[in-house]
Each structure stands twice: as C-alpha cells, then as structure tokens.
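Spelled out, the chains give:
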Amino acid sequence: APARPSPSAPPVASRAAAPPQQRTVISVTGLSPRIAKEEIMRRQEYFGQYGKILRVALQNAPTSTPGPPSFACQITYASRDEAEQAIL
C-alpha cells in the first residue's frame, strides 16, 4: 500500500467515470506538501508499485480545503489494469 502522508489526511486515489482514453489516469488528493513531488510519486513505495507511470501532473498550489495544506495530482499509467490496481 502507498505510504500515507499523515494519519489525519490520507491521500485518496480515484477514477471517476471517464472516457476510454482517460481510464489510465487516476487523481490523487490529500497529498502532504513534503511528498507532493513527481519523483516521490513515481517511487516504488508510492504509486510506482502499481505499474509504469507515463506522466505525473501535480497542481501548482495547495487545495482550498480547511485544515493543513494539501496538494493533488493526476497520474497516467501505461495500462488500464495498472491504474485500477492503484485505486483498489
């Protein structure tokens, strides 16, 4: 399982109903600023363990939710199966 940035705000990976070409993309929210970096997201102990990552798109600013600052990103995997493993 991916390491959690903090017990109070675990990251959440999801894939809403998407067009077929988008089924390899997952959205991750609730990322701590200290781990919201592409090289960290690609590591085996985070999202790299689920398959070949083609792209990591991090948002530039923290989300505007209450509480400590958190970031979000979209991760594109090489296959739909890999993306599904990341969100199960």
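A few points on the structure. Worth saying up front: this structure is predicted, and the values here are computed from it rather than measured.

1. Re the overall build of the protein
Here's step 1: Per the secondary structure count, the protein includes 2 helices and 4 strands.
Here's step 2: By the burial criterion, 33% of the 88 residues in the protein qualify as buried.
Here's step 3: Put simply, of all contacts in the protein between residues at least 6 apart along the chain, 53% involve residues at least 24 apart.
Here's step 4: Carbon and sulfur atoms form 53% of the exposed surface of the protein, whose accessible area is close to 5300 Å².

2. Quick notes on the pattern of salt bridges
Here's step 1: Counted under the stated rule, the structure contains 3 salt bridges.
Here's step 2: For E38, the salt bridge is made with R42, and the minimal N-O distance between the two is 2.8 Å.
Here's step 3: Classification of R42 by relative accessible area gives partly exposed; the value is 31%.
Here's step 4: In this structure, the salt-bridge partner of R43 is E45, at a minimum N-O distance of 3.9 Å.
Here's step 5: Relative accessible area serves as the criterion here: at 42%, E45 is assigned to the partly exposed category.

Criteria and thresholds
Residues numbered from 1 in each chain as written. Predicted model: local features only at pLDDT ≥ 70, side-chain atom pairs only at ≥ 80, totals over all residues. Heavy atoms only, no water. Helix = DSSP H or I, 4+ residues; strand = E, 2+ residues; numbered from the N terminus. Buried < 20%, exposed > 50% of the residue type's maximum accessible area, 1.4 Å probe, protein only. Contact = heavy atoms within 4.5 Å. Areas by Shrake-Rupley, 256 points an atom, 1.4 Å probe, with all protein chains shown as cover. Salt bridge = Lys/Arg side-chain N within 4 Å of Asp/Glu carboxyl O.

That is the geometry; function is a separate question.
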